[in-house]
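For reference, the chains in residue letters:
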There are 2 protein chains.
Amino acid sequence: MAEIHAVILAGGSGTRFWPASRRMRPKQLLGVGPDPNTSLLAATVRRLSPICSPERTWIATGEHLVAATREALPQLPPRAFLGEPVARNTAACIGWAAMTIHRQDPDAVVMVLPSDHHVGNEAEFLRVIAVALGSATNGPITTVGIRPTRPETGYGYLEVGAEVAAGVHRVTRFVEKPDAARAAAYLESGRYLWNSGMFFFRAATLLDAIAQHLPALAAGLREIDAAVGRDPDPTKTLREVFASLPSVSIDHGVMEHQSLLHVVPGAFDWSDLGSWESAWELGQKDAAGNVLVGRATVLDGHNNLVQDLRTDGRRRVVVAVGVQDLCIVDTEDALLILPRDRAQDVRLAVEHLRAGGDDDLL
Amino acid sequence: MAEIHAVILAGGSGTRFWPASRRMRPKQLLGVGPDPNTSLLAATVRRLSPICSPERTWIATGEHLVAATREALPQLPPRAFLGEPVARNTAACIGWAAMTIHRQDPDAVVMVLPSDHHVGNEAEFLRVIAVALGSATNGPITTVGIRPTRPETGYGYLEVGAEVAAGVHRVTRFVEKPDAARAAAYLESGRYLWNSGMFFFRAATLLDAIAQHLPALAAGLREIDAAVGRDPDPTKTLREVFASLPSVSIDHGVMEHQSLLHVVPGAFDWSDLGSWESAWELGQKDAAGNVLVGRATVLDGHNNLVQDLRTDGRRRVVVAVGVQDLCIVDTEDALLILPRDRAQDVRLAVEHLRAGGDDDLL
């Protein structure tokens, strides 16, 4: 039987959860959501542990993040960490991982999962994963789509076609983030699922698809593969070739061009944790709806997210009085305050600091 | 001619401007208002310097605050600082100062001024002070009342009677902080002034008034005076007697019982700087109405007070995005966030910390 490998996508630029997230400490290394003490990455690996051993778990990350990422996952062997010399989007990253796995196990079935999402119902999650792996083992590239529970405009969607096996459907098309009217129509139709960014395939199947749709990427990957088989230290080739690979997402570069894709609908709680707002939504709330982390207090105020994320051990209190619907995030060297409904605008703070030459705070 | 002495009242518990103000660093030691770099106390002494020399300037403060207060006023001689062993309200404090001055200068004319108020028009202020000193030199205890510019409910008022000399009126009565309807009526009548808390008198006149209205205080002050004339170190007597003095304000204990009081109406800009809200009102605003101190930035938000008051030299930024009408005050060991229109509720934060045993942060 084909072995199952997991590739966890753990790159990221660390801006949406600034000042908690930084270039050297992106979101997946933080405890965002219900459990502030476990990084999203560690939670992702733990969640997969019933079906994927550490020996077949791979972490695709940036070269500059390998050290921090290994620290978060001490149970994995060093070779599990694939550090991209330069970010070239998900097609290159997943292609490289698939090639690396295929080299040691030509029959491998691979699941690719983001490292920084929230999953609320793990039994249903594992059931769906198992169905998707079954589909991918004997068929085409398969994805998982989440049944929408609201007319969300922040996610991409998949249109679902005929059921081809128990719990497995054809994908009719990929849809970009819709406007509110379209999102409402998608929800009502029952024919659309949220695009979870999870993919399941035989390594060989994905490499074939890359060869078909992204020949330049396929050529680059072959060059890297040849160096790995030939050179005592293929790092130099990897570095040179990687920089030349086309930068395109796996969705745009491969999936949307595939004539046959399968999808397994899932009904587990799921969030891509796109902003501090989602951290509040999923966080543990007190009676007044406040999500408090660290030495933080809200008096006569409700529905705030207040995080004191200092780790320097210095005495300090954070006290908010009479405020509503704010995000307050305090770290050693930066403090951010913004309304929950403007959580996306953390980018304004990041852009301001970048423009002012304060990259060391990002 | 009688010499003019100034007594600056510089006690205070330091709660209204928490976390900037602390028990050991009350409001008058901070730069609240238009000039964040000069303490209110230093500004008060400087403002009086045209009419009162350092040799005749006295600072009434708590014993525990003498060191910090001397640091703020290095130009004054050590004997200028009257450190109360225990707080016994303004009647005891002013009585003690008047007695100390009277001992060295029986003809002295004394002006008593708060150390923590804002004065905007110094020429008019000095003109009014001069008129009040003239009234007090040859007549009864005199105060200064500020012409109201709005129906303020946060101040006490003085009702003004007949003019007895150029720019000098009789005080008809003291009025406690009024409700909104009453404050509007006071403003409209033109017969009411804000009680500025400034008093002008011959030292001998005040001591007579204390003897008449507060005989227990007068007896205690005589005991202290005797010890000063007799003992090489009268500290022990001072400490013992001070603790036994009645605790009452000069308004309630003396002024309201005086049959004859004069008042000089003044039209200078004045504020008692009662809360962070008044600090915002008087602070230097950027184009968006934000008052920013330290390394603080507001993006796409207006009318906020954001103060980064750290002095530890560590790298740090405070960034607020999309917020309105907030006070954000950051110090090394405490961060406060509250709406400007709830600035009085800083007391909730102080009470919370006190109840939790965090007195070291107060």
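Residues numbered from 1 in each chain as written. Chains lettered and ligands numbered in written order. Predicted model: local features only at pLDDT ≥ 70, side-chain atom pairs only at ≥ 80, totals over all residues. Heavy atoms only, no water.

J.: Any chance you could break down the overall build of chain A for me, citing the residues and the numbers?
T.: The secondary structure content of chain A amounts to 11 helices and 17 strands. Summarising its shape, the C-alpha atoms of chain A cover approximately 60 × 50 × 40 Å along the three principal directions. Out of the 362 residues belonging to chain A, those deemed buried represent 56%. A total of about 14900 Å² of accessible surface is found on chain A, and carbon and sulfur atoms cover 51% of it. Taken as two groups, the 35 positive and 43 negative side-chain charges of chain A have centres that lie 1 Å from each other. (Helix = DSSP H or I, 4+ residues; strand = E, 2+ residues; numbered from the N terminus. Buried < 20%, exposed > 50% of the residue type's maximum accessible area, 1.4 Å probe, protein only. Areas by Shrake-Rupley, 256 points an atom, 1.4 Å probe, with all protein chains shown as cover. Lys, Arg positive; Asp, Glu negative; His and termini not counted. Charge placed at Lys NZ, Arg CZ, Asp CG, Glu CD.)

J.: I'd love a proper account of the sheet that holds strand S12 (residues 291–293) of chain B, names of residues and values included.
T.: A sheet is described by the order of its strands in space; here six strands give the open sequence S13(A)-S15(A)-S17(B)-S16(B)-S14(B)-S12(B), paired in mixed fashion. One side of each edge strand has no neighbouring strand; the edge strands of this open sheet are strand S13 (296–299) of chain A together with S12 of chain B. On average, adjacent strands in this sheet sit at an angle of 5 degrees to one another, irrespective of strand direction. One ladder, built from four bridges, connects strand S15 (residues 317–321) of chain A with strand S17 (residues 334–339) of chain B; its direction is parallel. Within S17 of chain B, the residue paired with Val319 of chain A across the bridge is Leu336 of chain B. (Pairing = 2+ DSSP bridges. Axes fitted to C-alpha atoms, helices over the stretch in contact; angles between N-to-C directions.)

J.: Describe the side chain of His5 of chain B, listing the residues and the values that go with them.
T.: Residue and element names in this part refer to chain B. Turning to its location among the elements, His5 is positioned in strand S1 (residues 4–10). By relative accessible area, which is 1% here, His5 ends up buried. Engagement of the side chain of His5 in a polar contact is seen with the side chain of Trp58, the distance being 3.1 Å. Those residues in contact with His5 that lie beyond four places of it in its chain are Cys52, Arg56, Trp58, Ile101, Gln104, Asp105, Ala108, Val109, Val110 and Met111. (Polar contact = N/O pair within 3.5 Å; in protein donor to acceptor, adjacent residues only side chain to side chain. Contact = heavy atoms within 4.5 Å.)

J.: Before we move on, could you go through the interface of chain A and chain B and cite the residues and values that matter?
T.: Every contact between the two is made by 38 residues of chain A and, on the other side, 38 residues of chain B. The tally of links between chain A and chain B comes to 10 salt bridges. In this structure, Asp330 of chain B and Arg316 of chain A form a salt bridge, with 2.7 Å as the shortest nitrogen-oxygen distance. Viewed at the interface, chain B and chain A are joined by 24 residue pairs in polar contact (both at pLDDT 80 or more). When residues of the side of chain A that touches chain B are traced back to their parent elements, those giving at least two are S13, S15, strand S16 (326–330), strand S17 (334–339) and helix H11 (346–355) of chain A. For the side of chain A that touches chain B, the element with the highest residue contribution is S17 of chain A, accounting for six residues. Partitioning the side of chain A that touches chain B into residue classes produces 20 nonpolar, four polar and 14 charged. (Salt bridge = Lys/Arg side-chain N within 4 Å of Asp/Glu carboxyl O. Nonpolar A, V, L, I, M, F, W, Y, C, P; charged D, E, K, R; others polar.)

J.: Describe the sheet that holds S17 of chain A, naming the residues involved and giving the relevant values.
T.: As summarised here, the arrangement of the six strands in space is S12(A)-S14(A)-S16(A)-S17(A)-S15(B)-S13(B), forming an open sheet in which the pairing is mixed. Edge positions in the sheet fall to strand S12 (291–293) of chain A together with strand S13 (296–299) of chain B, since each has one partner strand and no second. Looking at each pair of strands side by side, their axes are set apart by 5 degrees on average, direction ignored. One ladder, built from five bridges, connects S16 of chain A with S17 of chain A; its direction is antiparallel. Across the sheet, residue Val329 of chain A finds its bridge partner in S17 of chain A, namely Leu336 of chain A.

J.: How would you sum up the environment of Val293 of chain B? Please name residues and give values.
T.: Residue and element names in this part refer to chain B. With respect to the secondary-structure elements, Val293 resides in strand S12. Residue classification places Val293 among the buried positions, given a relative accessible area of 14%. Through-space distance from the C-alpha of Val293 to that of Ile129 is 32 Å; in sequence the pair is 164 residues apart. In this structure, Val293 is in contact with Pro36, Val306, Gln307, Asp308 and Leu309, ignoring residues within four places of it in sequence.

J.: Explain the pairing of strand S2 (residues 57–62) of chain A to me, using residue names and the numbers behind them.
T.: Residues and elements named next belong to chain A. With six of its six residues buried, S2 lies for the most part within the structure. Of the pairings in the sheet, the one linking strand S1 (residues 4–10) to S2 comprises five bridges and is parallel in character. Across the sheet, Val7 pairs through a bridge with Trp58, a residue of S2. By the bridge criterion, four bridges tie S2 to strand S3 (residues 81–84) in an arrangement that is parallel. Residue pairing in the sheet places Ile59 in a bridge with Phe81 of S3. Each parallel crossover has a hand, and for S2 linked through helix H2 (residues 66–72) to S3 it is right-handed. (Right-handed = clockwise from strand over helix to strand, strands pointing away.)

J.: Account for the confidence of the model for chain A, naming residues and giving values.
T.: Summarising the model, chain A shows a mean pLDDT of 95, and 100% of its residues fall at 70 or more. The ipTM assigned to the predicted complex is 0.89, against a pTM of 0.90. (pLDDT = per-residue confidence, 0-100.)

J.: Tell me about the packing of aromatic side chains, residues and numbers included.
T.: Residues and elements named next belong to chain A. Going through the model one piece at a time under the given rule, you end up with 16 aromatic pairs over all chains. Note on Tyr155 and Trp194: the rings are 4.9 Å apart at their centroids and 70 degrees apart in plane angle, and the pair reads as edge-to-face. Of the two residues, Tyr155 is situated in the loop between strand S6 (142–146) and strand S7 (157–165) and Trp194 in strand S9 (residues 192–202); the sequence distance between them amounts to 39 residues. Of the two residues, Tyr155 and Trp194, both sit in the buried class. (Phe/Tyr/Trp six-rings, centres within 6.5 Å; stacked < 30°, edge-to-face > 60°.)

J.: Lay out the relation of the copies chain A and chain B with the relevant residues and their values.
T.: After a rotation of 180 degrees and a shift along the axis of 0.0 Å, chain A superposes on chain B with an RMSD of 0.0 Å. Both copies are brought into coincidence by an operation consistent with a two-fold rotation axis. In this assembly the copies share their binding face: 100% of the residues contributing to the interface of chain A also contribute to that of chain B. (Least-squares fit on C-alpha atoms with pLDDT ≥ 70 in both.)

J.: Kindly report on the pattern of salt bridges, identifying the contributing residues and their values.
T.: Considering all chains together, one arrives at 52 salt bridges over all chains under this definition. One salt bridge connects Arg127 of chain B with Glu124 of chain B, and the closest N-O pair in it is separated by 2.9 Å. Residue Arg127 of chain B and its partner Glu124 of chain B are located together in helix H4 (residues 122–138), separated by three residues, close to a single helical turn. What makes Arg127 of chain B partly exposed here is its relative accessible area of 42%. With relative accessibility at 16%, the residue Glu124 of chain B sits in the buried group. A salt bridge links Asp345 of chain B to Arg342 of chain B, with the nearest nitrogen and oxygen atoms 2.9 Å apart. Its relative accessible area of 13% is what places Asp345 of chain B among the buried residues. The network of salt bridges with common partners includes Arg310, Asp312, Arg314, Arg316 and Asp330 of chain A together with Arg310, Asp312, Arg314, Arg316 and Asp330 of chain B.

J.: Give a detailed account of the packing of helix H3 (residues 89–104) of chain A against helix H7 (residues 215–230) of chain A, specifying residues and quantitative values.
T.: Residue and element names in this part refer to chain A. Viewed as axis vectors pointing N to C, H3 and H7 meet at an angle of 40 degrees, and their least axial separation amounts to 10 Å. When the axes of H3 and H7 are compared, the pair comes out oblique. Along this stretch, H3 crosses H7, giving a crossing that reads as right-handed. The residues of H7 that touch H3, namely those facing Ala91, Ala92, Gly95, Trp96, Met99 and Arg103, are Leu217, Leu221, Arg222, Ile224, Asp225, Val228 and Gly229. (Parallel < 35°, antiparallel > 145°, perpendicular 65-115°, else oblique. Left-handed = near helix turned anticlockwise from the far one by under 90°.)

J.: Break down helix H4 (residues 122–138) of chain A for me, citing the residues and quoting the values.
T.: With 17 residues, H4 of chain A should reach 24 Å at 1.5 Å per residue; the first-to-last C-alpha distance of 25 Å fits that figure. Every buried residue belonging to H4 of chain A is among Glu124, Phe125, Val128, Ile129, Ala132, Leu133, Ser135 and Ala136 of chain A, and all of these are buried. (Expected span 1.5 Å × (residues − 1).)

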